Amino acid sequence: QRVLVTGANGFVALWVVRVLLEQGFTVRGTVRSESKGRHLDELFGSYGDKFEWVVVEDIVKEGAFDEAVKGVHAIEHTAAPISSTSDDPDGESSFVRLSSNNVNNGLLEYLKPSVEGTLSILRSALKFGTDIKRVVVTSSLAAVMRTVTEPPVIFDEDDWADEFVDTLKREGRKASEQVKYFASKTLAERAVFTFYDAHKSQINWDVATVLPPVVLGPTLQDVKKSSDLTGSPNLWYQKVVKDQDDDPLNTTPFYPYVDVRDLAAAHVNALTKEAAGGKRLLICAGSIGWQDTRDIVYSLRPDLYESGVLPRGKPDSKTSILWDYNGEKAKSILGLEYRDIKHIALDMITDFERRG
Ligand code: NDP
């Protein structure tokens with residue numbers, strides 16, 4: 001069985017590719033440039049012709065995936081900009097104005113790579129994906145959020161972050177990066193189900209979406225120094241390894257998490273488990289405060305604090321979790337258990353030490 005993985009050089013996708021290969025799948029990854037593909041050869045070259053990569057320079061372009069989808073049995077669409085540090089000039093801050101007859105029905109402005117990139121691969125699958133059985137799209141817990149005014153709140157698959165779409169429509173380009181990201185994931189995920197509903201009589205495949213929290217764990221990217229990591233590993237690095245207060249960063253003092261290896265397993269099981277078809281799959285191992293994380297790392301590796309390598313923060317000031325996520329449904333559909341934060345934290349510190 002051949003699986004197409006988009007954005008194959010990304011943090012999450014590299015693990016998805018690895019788990020797929022370990023489970024005997026044949027994988028075709030897409031990257032945006034040859035240089036990004038070369039690192040994949042280093043990582044997965046030992047799998048011989050079970051692994052190949054192709055360049056899809058601009059995922060938004062009509063027909064961008066027409067060739068890539070041919071002969072595959074499933075798709076894992078993970079490619080999306082996740083932060084404004086992306087070097088893509090057409091990235092998160094780029095808006096596109098579409099006519100009112102687009103699949104999102106009347107939504108005038110939205111973020112191009114996430115939404116159009118997702119539609120682009122679905123259109124290619126519709127036209128040329130004759131062997132495809134399932135398309136899995138990586139969404140985010142960002143797509144279930146809303147502003148919490150009366151905590152505690154537990155979010156689940158019935159929740160949609162439409163509030164941020166409304167904010168984006170109201171504020172346009174001036175909206176915060178967070179609003180743009182949340183709205184982009186919500187719109188892209190809605191587009192998946194709308195597209196499927198509109199075309200289900202013409203296709204032999206179904207869809208599922210995977211909604212991860214902050215993804216942590218060992219990294220496989222082509223990055224020399226830990227401080228050069230991007231996205232969620234960088235967030236964790238900044239909060240746990242760097243000495244800084246939580247408040248000035250203006251972020252919540254707690255975060256939901258999952259290990260990237262468990263998320264990769266979830267992506268693969270989302271392809272293979274019949275019951276995952278048509279579902280939003282909320283993946284979450286738990287939520288924890290940043291200070292509680294520092295306390296856990298301290299208990300695991302006191303040596304790093306004695307030598308002053310890591311900051312203690314404000315020890316034992318326990319954080320209240322004001323909102324959380326119920327991942328039980330997806331866990332049972334996918335038949336998975338997730339690593340706990342102790343395990344993840346230790347592996348991250350080891351990964352940072354290895355990289356320096
Ligand atoms: P990475 O930034 O590591 O990988 C993102 C991938 O998407 C890269 O291959 C990147 O290509 C590609 N990409 C980014 N912008 C564009 C664009 N404009 N056009 C085409 N491709 C693009 O992110 P993650 O691996 O962390 O994220 C993967 C998916 O998981 C995303 O859909 C993200 O929204 C989702 N997610 C991630 C979470 C996290 O905590 N990491 C949490 C929730 C959801 P290139 O390297 O060329 O830029």
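The structure presented is a predicted model; accordingly, all values stated were derived computationally and were not measured.

## As for the packing of helix H4 (residues 162-171) against helix H5 (residues 177-199)
Two packed helices can be described by the angle between their axes and the distance between those axes.
Argument step 1. Close contact between H4 and H5 brings their axes to 8 Å; oriented N to C, the two are set at 120°. Taken together, the axes of H4 and H5 lie oblique to each other. For the pair H4 and H5, the crossing hand works out as left-handed. Of the residues in H5, those in contact with Asp162, Phe164, Val165, Thr167, Leu168 and Glu171 of H4 are Val179, Lys180, Phe182, Ala183, Thr186 and Leu187.
Argument step 2. Grouping the constituent residues of the contact of H4 with H5 by class yields seven nonpolar, two polar and three charged.

## Some points on the confidence of the model for the chain
Argument step 1. The predicted model of the chain averages 89 in pLDDT, with 90% of residues at 70 or higher.
Argument step 2. A low-confidence stretch, residues 84-110 (pLDDT under 50), is modelled with 47 contacts involving residues beyond four sequence positions or located in other chains.
Argument step 3. The ipTM for the predicted assembly is 0.99, set against a pTM of 0.93.

## Quick look at the sheet that holds strand E1 (residues 2-6)
Argument step 1. In space, the seven strands of this open sheet follow the order E3-E2-E1-E4-E7-E9-E12, with parallel pairing throughout. Two strands in the sheet have a free side with no partner beyond their single neighbour: strand E3 (51-55) and strand E12 (280-282). Averaged over all pairs of adjacent strands, the angle between strand axes in this sheet comes to 20°, irrespective of strand direction.
Argument step 2. Inspection of the sheet shows strand E4 (residues 74-77) paired to strand E7 (residues 134-138) by four bridges, in the parallel sense. Looking at E7, one finds that His77 is bridged to Val137.
Argument step 3. Docked against the sheet, helix H2 (residues 34-44) engages strand E2 (26-31) and E3, running at close to 175° with respect to E3.

The rules we used
Residues numbered from 1 in each chain as written. Predicted model: local features only at pLDDT ≥ 70, side-chain atom pairs only at ≥ 80, totals over all residues. Axes fitted to C-alpha atoms, helices over the stretch in contact; angles between N-to-C directions. Helix = DSSP H or I, 4+ residues; strand = E, 2+ residues; numbered from the N terminus. Parallel < 35°, antiparallel > 145°, perpendicular 65-115°, else oblique. Left-handed = near helix turned anticlockwise from the far one by under 90°. Contact = placed C-beta atoms within 7 Å. Nonpolar A, V, L, I, M, F, W, Y, C, P; charged D, E, K, R; others polar. pLDDT = per-residue confidence, 0-100. Pairing = 2+ DSSP bridges.

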